[in-house]
Amino acid sequence: MKKFRKILACAAVFLVALMATACSNKEKSKDSGTPKSLNVQFVPSQAATKLESRAKPLEKMLSDRLGIPVHVSMSTDYNTVVEAMKSKKVDVGFLPPNGYILAHKQGAADVLLQAQRYGVKQPNGRPTKELVNFYRAEIVAKKNSKIKSWKDLKGKSISIQSPTSSAGYVFPIAELKEKGLDVRKSCKLVTVTGQDQAVLNVLNGDTDAAFVFEDARTIVKDDNPKIMSQVVPIYFTKPIPNDTISVVPSMSDSFRKKLAKAFIDIGKSKKGKKVIESIYTHEGYVHTKDSDFNVVRKYEKVIESTKK
């Protein structure tokens, strides 16, 4: 009987130790998704040097709200952010829809928030008073050129962004392919960095047309007030989901909630709003989900078909 009691006592001690280890591991697992510092990276929608200086104030704004050091940096392109998130060198990426889809597919990112912008009214590219979760891509050409519609693009040169850019590549190419024009085979595509550069290429005659977001001409307007009459849109795509704030999958749920609140609060503050407007013309952030980007996946399949 004594021996049996001794065995029971040992078993009880072992079970308590096992449970303590399990709880400790569970606690560790929870804490492991809470970063001690945060690396946030942007992709350039215009000259990267301009954007980096404009984005810097976000470091303090986020740090004050999160209670940890925050480092903000600018990538060279969309793919760089995806790779950095994949290797966990970056915790938060400001990714366009296609960049997010690519990152999510590779297990590098989960969507956290979606940007809001004011709608755009044509023909002058003026903002509306309505905040929307989408935008459109447009194809622009020089006003006095012979390019009046998408049908005139065959054989012409076009400024584009990287293949993960929704407005600067995916949506225009996918929609024109569905209409019967395979620009990858029928046009000369010139990759540039920054939508402002794409507009300037058209203005300067370096390319005949450009794929840009609606209305990218406004980011050139300060340097060239006449740009709206010199370069004009000839085609608009269907709505594209707005840019994302995406996070690495390993980030804990509790920290995700804290981070989402921090970005939403920044977007609502006067100082914060000014900063995010200057970077991407964002006006604030709202919660979103992965299925909101299924239209992007659909267009990606069209793009894949152009490679065959």
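A few points on the structure. Computed from a predicted structure; not experimentally measured.

On to the packing of helix α3 (residues 57-66) against helix α11 (residues 270-280). Running from N to C, α3 and α11 cross one another at 135°; their axes reach a closest spacing of 10 Å. Our classification of the angle between α3 and α11 gives oblique. Once α3 is placed against α11, the crossing between them reads as left-handed. Here Pro-57, Leu-58 and Met-61 of α3 lie close against α11, whose contacting residues are Lys-271, Gly-272, Val-275 and Ile-279. In terms of residue class, the contact of α3 with α11 is made up of five nonpolar, one polar and one charged.

For the rest of this paragraph, the subject is unusual backbone geometry. Going from Gln-122 to Pro-123, the amide bond is cis rather than trans, its omega being 15°. Locating Pro-123 in the fold gives a position in the loop between β4 (110-121) and β5 (126-132). In this model, Glu-214 is joined to Asp-215 through a cis peptide bond whose omega is -10°. Along the chain, the position of Asp-215 falls in the loop between β10 (209-213) and α9 (227-230). A positive phi angle, close to 65°, is found at Lys-88, a residue other than glycine. Looking at the secondary structure, you find Lys-88 in the loop between α4 (78-86) and β3 (92-95).

Quick notes on the rules
- Residues numbered from 1 in each chain as written.
- Predicted model: local features only at pLDDT ≥ 70, side-chain atom pairs only at ≥ 80, totals over all residues.
- Heavy atoms only, no water.
- Axes fitted to C-alpha atoms, helices over the stretch in contact; angles between N-to-C directions.
- Helix = DSSP H or I, 4+ residues; strand = E, 2+ residues; numbered from the N terminus.
- Parallel < 35°, antiparallel > 145°, perpendicular 65-115°, else oblique.
- Left-handed = near helix turned anticlockwise from the far one by under 90°.
- Contact = heavy atoms within 4.5 Å.
- Nonpolar A, V, L, I, M, F, W, Y, C, P; charged D, E, K, R; others polar.

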